[in-house]
Amino acid sequence: MKVDIRKIETGDDEVIVRYKEETGRIRKILDVLRDGGEKLYGKKESDVVSVIPGDILYIESVDDKIFAYTCDDVIRLEGTLAGIIQKLGDERFFRCSKSMIINIDKVDSLHSLSSNRIDATMEGGEHIMISRTYASEFRRILRGYSRER
């Protein structure tokens, strides 16, 4: 991999990433650029732990408690879904129901269901239902999202 890093004296900061295939290494670089190095903090058992937003598959509210799910962990977060999505400030995260936010980057496949719902299969095989209330907005975002990627 060729790396070209230059310090400039004037003008806007700019980062250009060019790649043929999104490998694990490239994905990590993209995650750092997208997330700005920000992490969310929560609890796993009695320990305070951090999670990189790009690693989150989905965030769910269960009995007024918020949980972030990654491929390997479940982390309890403080706050509300609305507050977390605002804190993330990231177009990759989408409110797919009253109780759930999904990471669009972690969706492996989509299947349209009756009643205008969508079954999203996440990395790791988890199935998430996108409710009909949010499905049309999700489709609209995907149309624009796929052009940006």
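I will try to describe carefully the structure that is included in this document. Just so we're clear, the structure is a prediction, and the values are computed from it rather than from any experiment.

A short note on the overall build of the protein
Within the protein, the secondary structure is distributed over three helices and ten strands. Starting at the N terminus, the α and β elements of the protein follow one another as α-β-β-β-β-β-α-β-β-β-β-β-α. The principal-axis extents of the C-alpha atoms in the protein amount to approximately 50 × 40 × 30 Å. Considering the protein as a whole, with its 149 residues, one finds that 32% of them fall into the buried category.

Details of the sheet that holds strand β9 (residues 118–122)
Pairing is antiparallel in the open sheet, where three strands are placed in the order β8-β9-β10. Both edges of this open sheet fall to β8 (107–112) and β10 (127–130), since each of them pairs with a single strand only. Going across the sheet, the axis of each strand differs from the next one's by a mean of 25°, ignoring polarity. Here β9 pairs with β10 via four bridges, running antiparallel. In the strand pairing of β10, Asp 119 is matched with Met 129.

Considerations on unusual backbone geometry
At Ser 115, a residue that is not glycine, the phi angle is positive and equals roughly 65°. Along the chain, the position of Ser 115 falls in the loop between β8 and β9. Notably, Asn 116 is not glycine yet its phi reads approximately 65°, a positive angle. Its place among the elements puts Asn 116 in the loop between β8 and β9.

Quick look at the layout of surface pockets
Considered as a void within the structure, the largest pocket measures approximately 1,000 Å³ in volume. Taken together, 20 residues form the lining of the largest pocket, with Asp 4, Ile 5, Val 15, Ile 16 and Val 17 sitting closest to its centre. Residue composition of the lining of the largest pocket, grouped by class: ten nonpolar, one polar and nine charged.

Regarding the nonpolar core
Ile 102 and Ile 130 are the most contacted members of the largest nonpolar core, which totals 17 residues. Secondary-structure elements contributing two or more residues to this core are β4 (65–69), β6 (93–97), β7 (100–103), β9, β10 and α3 (132–148). It is β9 that contributes the most residues to this core, three residues altogether. In contact with Ile 102, other than residues within four places in its own chain, are Leu 57, Tyr 58, Arg 92, Phe 93, Phe 94, Cys 96, Val 107, Met 122, Ile 128, Ile 130 and Phe 138. Judged by nonpolar contacts, the second largest core, of 13 residues, contains Ile 56, Leu 88, Phe 93 and Ile 101.

Notes on the sheet that holds strand β2 (residues 47–51)
Ordered in space as β2-β1-β5-β4-β3-β7-β6, the seven strands form an open sheet in which the pairing is antiparallel. Edge positions in the open sheet fall to β2 and β6, since each of these has one partner strand only. Mean inter-strand twist for the sheet, computed between neighbouring axes without regard to direction, equals 35°. Across four bridges, β4 lies against strand β5 (residues 74–77) in antiparallel orientation. Along β5, the bridge assignment pairs Phe 67 with Arg 76. Against the sheet, helix α2 (residues 81–88) touches β1 (40–44), β3 (58–62), β4, β5, β6 and β7, its axis set at about 160° to β6.

Rules used in this analysis
Residues numbered from 1 in each chain as written. Predicted model: local features only at pLDDT ≥ 70, side-chain atom pairs only at ≥ 80, totals over all residues. Heavy atoms only, no water. Helix = DSSP H or I, 4+ residues; strand = E, 2+ residues; numbered from the N terminus. Buried < 20%, exposed > 50% of the residue type's maximum accessible area, 1.4 Å probe, protein only. Pairing = 2+ DSSP bridges. Axes fitted to C-alpha atoms, helices over the stretch in contact; angles between N-to-C directions. 1 Å grid on protein atoms, 1.4 Å probe; cavity = no way out; pocket = protein on both sides within 12 Å on 5 of 7 lines; lining within 4 Å. Points joined across faces, edges and corners; volume = space filled by probe spheres on them. Nonpolar A, V, L, I, M, F, W, Y, C, P; charged D, E, K, R; others polar. Core = buried A, V, L, I, M, F, W, Y, C linked by side-chain atoms within 4.5 Å. Contact = heavy atoms within 4.5 Å.

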